[in-house]
Amino acid sequence: MSKTEQAKGQAGAPASPTEAARAMWAAGDYHRLGTRIMPVSEELALALDIRPGERLLDIAGGSGNTALAAARRDARVTCTDIVPPALDHARRRAGVEFLAIETEVADAESLPYADDTFDVVTSTFGIQFATDQEKAAGEMLRVLRPGGRLGLATWTPNSALSGLLALAGKYAPPPEPTPSPMRWGTRQGLTELLGDAVTDQRVEILCIELTAPSYAEQFRRFREWVGPVRTALARMSPDAANSFEADFTDLWHRHNRGEPDAVVVPVDYLQVVMTRKAAPLEPSPESSPEPTADSPSEDPTDAPPEPSA
């Protein structure tokens, strides 16, 4: 092993995109932000009309906001995430509320479940941060049964939070280029990722408000709670970190509707509810007899035209 390789190993450099993502999100205290956006999960559970006994998978579920919202509706819930401490929080919260959920450490890009396992699949500000977006979308659809419901909440490109992440990327570009997670927050992006595998789409732009007593306190919360912000700051020089905070304050001031007494910033997000298309039925031999000389096969071009509306 070369000295360079030894140095990387001693520094504990992540060996894969999944490990890099796990380290980044584990660096923060995201469950503290999660408690402030719980209404998003309750709204999504209501829109999905989650029923007792349904098998529900929450992908990249963090500390369990959406998993717990589903468990309150008596679904059979499995909450996954790549950060084990986040799932520890989810289990503790479930215990306090006397709710039953299962948790499992799992990568959104490689889910450990058989095809068509779940009646409902959800992700709230989670799957949109997957490194391989197409693979994560494919896995989400694979484990959802035909006719099952898919529910997403994703930050939009024009939201204040998107602006925060863009600022972090400006001052501390990630070591490896990554696709924009805001692709999941647009109708076009959802079409590209999910294609024609879904139907009955209901897409709404909703809003959650983030509050704080001051801009400085809001910045402190993001710095300590949000892994991508914390890791970006760790790569900045002191001067760059100060400029980043100044730009953040300007961004938050532009979005603030609580002036002059408080910080109340509306943050837009996309709520998406859709259904996985049912698999086409294979014709049975009884319903599709082999053509004979006495009964020639029908040519679809021989059919009379549909009457016009």
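Worth saying up front: this structure is predicted, and the values here are computed from it rather than measured.

1. Quick notes on unusual backbone geometry
Then, number 1: With an omega of 0 degrees, the peptide bond between E259 and P260 qualifies as cis.
Then, number 2: Along the chain, P260 falls in the loop between α12 (238-255) and β7 (263-276).
Then, number 3: The backbone of D74 shows a phi angle near 70 degrees, a positive value even though the residue is not glycine.
Then, number 4: Checked against the element boundaries, D74 lands in the loop between α5 (65-71) and β2 (76-81).
Then, number 5: Of note, the phi angle at F98 is positive, near 60 degrees, even though the residue is not glycine.
Then, number 6: Within the secondary structure, F98 is located in the loop between α6 (84-96) and β3 (101-105).

2. As for the pattern of salt bridges
Then, number 1: Summed over all chains, the structure comprises 20 salt bridges.
Then, number 2: Residues D119 and R145 are paired through a salt bridge, measuring 2.7 Å at the closest nitrogen-oxygen approach. Of this pair, D119 sits in strand β4 (residues 118-124) while R145 sits in strand β5 (residues 144-155); the two residues are 26 residues apart in sequence, bridging distant segments of the chain.
Then, number 3: The class of D119 is buried, set by a relative accessible area of 10%.

3. Structural notes on the sheet that holds β2
Then, number 1: Judged by pairing direction, the sheet is mixed, and its seven strands sit side by side in the order β3-β2-β1-β4-β5-β7-β6 without closing on themselves. Of all the strands in the sheet, just β3 and β6 (198-212) have a single pairing partner and so form its edges. In this sheet, adjacent strand axes meet at a mean angle of 20 degrees when their direction is disregarded.
Then, number 2: Pairing geometry for β5 and β7, over seven bridges, is antiparallel. Directly across from R149, in β7, lies its bridge partner T275.

4. Details of the packing of helix α10 (residues 215-225) against helix α11 (residues 227-234)
Then, number 1: Relative to each other, α10 and α11 sit at 90 degrees, their axes nearing to 5 Å. One way to sum up the angle between α10 and α11 is to call them roughly perpendicular. Residues F219, F222, R223, E224 and W225 of α10 pack against G227, V229, R230 and L233 of α11.
Then, number 2: Split by residue class, the contact of α10 with α11 holds five nonpolar, one polar and three charged.

5. Remarks on helix α4 (residues 38-48)
Then, number 1: All of the buried residues along α4 are V40, S41, L44, A45, A47 and L48. Here the buried residues of α4 occupy an arc of 165 degrees about the axis, which is enough to place them on one side.
Then, number 2: Looking at the buried side of α4, the elements it contacts are α5, β4, β5, β6 and β7.

6. Focus on α6
Residue pairs spaced three or four apart in an α-helix point in one direction, given the helix's 3.6 residues per turn.
Then, number 1: Taking 1.5 Å as the rise per residue, α6 with 13 residues should run 18 Å; its terminal C-alpha atoms sit 19 Å apart, in good agreement.
Then, number 2: Of the residues making up α6, those classed as buried are A86, L87, A90, R93 and A94. Angular distribution of buried residues about the axis of α6 spans 115 degrees; they occupy a single face of the element.
Then, number 3: Summarising the contacts, the buried residues of α6 are in contact with α4, α5, β2 and β3.
Then, number 4: Positive backbone phi, approximately 60 degrees, marks F98, located one or two places after α6.

7. Thoughts on the pairing of strand β1 (residues 55-58)
Then, number 1: Bridge count between β1 and β2: four bridges; the pairing is parallel. Its bridge partner being in β2, D58 is matched across the sheet by C79.
Then, number 2: What joins β1 to β2 is α5, and the crossover it makes is right-handed.
Then, number 3: Pairing of β1 with β4 involves three bridges; the strand directions are parallel. Each bridged residue has a counterpart across the sheet, and for D58 the counterpart in β4 is T122.

8. Concerning the environment of D268
Then, number 1: Locating D268 in the fold gives a position in strand β7.
Then, number 2: Sequence separation between D268 and C207 is 61 residues, and the spatial gap between their C-alpha atoms is 4.4 Å.
Then, number 3: Contacts of D268, omitting those with residues within four sequence positions, involve W155, T156, S159, I205, L206 and C207.

9. Thoughts on the pairing of β2
Then, number 1: With five of six residues buried, β2 is to be regarded as a mostly interior element.
Then, number 2: The parallel pair β2 and β3, bridged by α6, forms a crossover whose chirality is right-handed.

10. Considering the packing of aromatic side chains
Where two aromatic rings form a pair, the distance of their centres and the angle of their planes describe that pair.
Then, number 1: Counting across every chain of the model gives 11 aromatic pairs.
Then, number 2: A centroid spacing of 5.7 Å and a plane angle of 85 degrees characterise the contact between F125 and Y269, whose relative ring orientation is edge-to-face. Placement of F125 in the loop between β4 and α7 (133-143) and of Y269 in strand β7 is noted, with a sequence separation of 144 residues between them. In this pair, the class of F125 matches that of Y269, namely buried.
Then, number 3: Look at Y171 and F244: their rings are 5.9 Å apart centre to centre, the planes differ by 50 degrees, and that puts the pair in the tilted class. With Y171 in helix α8 (residues 160-171) and F244 in helix α12, this pair connects stretches of sequence that are 73 residues apart.
Then, number 4: Among the residues examined, Y171 registers a relative accessible area of 22% and is labelled partly exposed.

Rules and cut-offs
- Residues numbered from 1 in each chain as written.
- Predicted model: local features only at pLDDT ≥ 70, side-chain atom pairs only at ≥ 80, totals over all residues.
- Heavy atoms only, no water.
- Helix = DSSP H or I, 4+ residues; strand = E, 2+ residues; numbered from the N terminus.
- Salt bridge = Lys/Arg side-chain N within 4 Å of Asp/Glu carboxyl O.
- Buried < 20%, exposed > 50% of the residue type's maximum accessible area, 1.4 Å probe, protein only.
- Pairing = 2+ DSSP bridges.
- Axes fitted to C-alpha atoms, helices over the stretch in contact; angles between N-to-C directions.
- Parallel < 35°, antiparallel > 145°, perpendicular 65-115°, else oblique.
- Contact = heavy atoms within 4.5 Å.
- Nonpolar A, V, L, I, M, F, W, Y, C, P; charged D, E, K, R; others polar.
- Arc of directions from axis to C-beta.
- Expected span 1.5 Å × (residues − 1).
- Right-handed = clockwise from strand over helix to strand, strands pointing away.
- Phe/Tyr/Trp six-rings, centres within 6.5 Å; stacked < 30°, edge-to-face > 60°.

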